[in-house]
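Each chain is listed here by its residues.
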Amino acid sequence: MKNIVILISGRGSNMQAIVEAAIPGAHIAAVIANRPDAAGLAWAAERGIATVALDHKPYASREAFDTELATRIDSFQPDLVVLAGFMRILTPAFTQHYAGRMFNIHPSLLPAFPGLHTHQRAIDAGCKLAGCTVHFVTAELDHGPIVFQAAVPVLDDDTETSLAQRVLAEEHRLYPAAVQAFVEGRLAVDGLRVRHLG
Ligand code: GRF
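Description of the structure in this document. (Residues numbered from 1 in each chain as written. Predicted model: local features only at pLDDT ≥ 70, side-chain atom pairs only at ≥ 80, totals over all residues. Heavy atoms only, no water.)

## Here we look at the overall build of the protein chain
- Across its full length, the protein chain holds six helices and nine strands.
- Against the globule reference of 16 Å for 198 residues, the protein chain gives a C-alpha radius of gyration of 16 Å, in line with a compact fold.
- Principal-axis analysis of the C-alpha atoms gives the protein chain an extent of 45 × 40 × 35 Å.
- Out of the 198 residues belonging to the protein chain, those deemed buried represent 46%.
- Sequence separation of at least 24 residues holds for 62% of the intrachain contacts in the protein chain that already meet a minimum separation of 6.
- For the protein chain, the exposed surface amounts to about 9600 Å²; the carbon and sulfur share of it is 54%.
- Of the side-chain charges in the protein chain, 16 are positive and 20 negative, and the distance between the mean point of each set is 3 Å. (Helix = DSSP H or I, 4+ residues; strand = E, 2+ residues; numbered from the N terminus. Rg over C-alpha atoms; globule rule 2.2 N^0.38 Å. Buried < 20%, exposed > 50% of the residue type's maximum accessible area, 1.4 Å probe, protein only. Contact = heavy atoms within 4.5 Å. Areas by Shrake-Rupley, 256 points an atom, 1.4 Å probe, with all protein chains shown as cover. Lys, Arg positive; Asp, Glu negative; His and termini not counted. Charge placed at Lys NZ, Arg CZ, Asp CG, Glu CD.)

In structure tokens form, the structure reads like this:
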């Protein structure tokens, strides 16, 4: 069994999709949130998954919080750390510690639109396609070897909300598939390129 630790900050719908996928060989060891009121924490706890609420606010520095966060994560002996709507900038030491074993999902077709407000930015730029990306996490924000992408059309009457809904449905399909590929050892990273084996 591969231990998976999922980090969230809010509703946790991507975390739910991964849990509900019941991926063979994957054990959801814990769900950790940096916001004690994250709705996803209660959802996970109701299903008997270990949960940790680690509020970042009392920590004097980003380094201090990330050090404690890594200690908590590592207590679950993770094979893979999954950022699922985890809204924190991570320190280089933290990303280095989990190099090659930490995923993020981002709601754009990277390298377009890293950062926030991706859907409105795609609409404003006149894009005809939008989408989402699962990538390995590196020190650079929303930049790392791409595991999977999915595209959706941008429609003439789209709003940020309607486009976000269309993309989110793809996120819920894509993220469990990426976790499954990792668990099955089917990903070979070569620079920024990820080859899919088998
Ligand atoms: C998702 O759109 C994800 O791509 C982005 O934040 C959102 C989190 O949603 N990083 P949820 O908490 O998984 O429902």
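## Some remarks on the nonpolar core
- Ranked by size, the top nonpolar core spans 40 residues in total, and within it Ile-4, Ile-6, Val-31, Phe-103, Tyr-175 and Val-179 carry the most contacts.
- Counting residues per element, this core draws most heavily on helix H6 (residues 160-183), which supplies nine residues.
- In this structure Val-179 touches Ile-4, Ile-18, Ile-23, Leu-80, Val-82 and Phe-103, once residues within four positions along its chain are discounted.
- Counting 19 residues, the second-largest nonpolar core is a separate cluster that includes Leu-54, Leu-90, Tyr-98 and Met-102. (Core = buried A, V, L, I, M, F, W, Y, C linked by side-chain atoms within 4.5 Å.)

## What about the packing of aromatic side chains?
- Per the counting criterion, the structure on display carries four aromatic pairs.
- Ring centres 5.4 Å apart and planes at 70° place the aromatic pair Tyr-59 and Phe-65 in the edge-to-face group.
- Given a relative accessible area of 28%, Tyr-59 falls into the partly exposed group.
- Look at Phe-103 and Phe-182: their rings are 5.7 Å apart centre to centre, the planes differ by 80°, and that puts the pair in the edge-to-face class. In this pair, Phe-103 sits in strand E5 (residues 102-106) while Phe-182 sits in helix H6, placing the two residues 79 residues apart along the sequence.
- Residue Phe-182 is classed as buried on the basis of its relative accessible area, which comes to 17%. (Phe/Tyr/Trp six-rings, centres within 6.5 Å; stacked < 30°, edge-to-face > 60°.)

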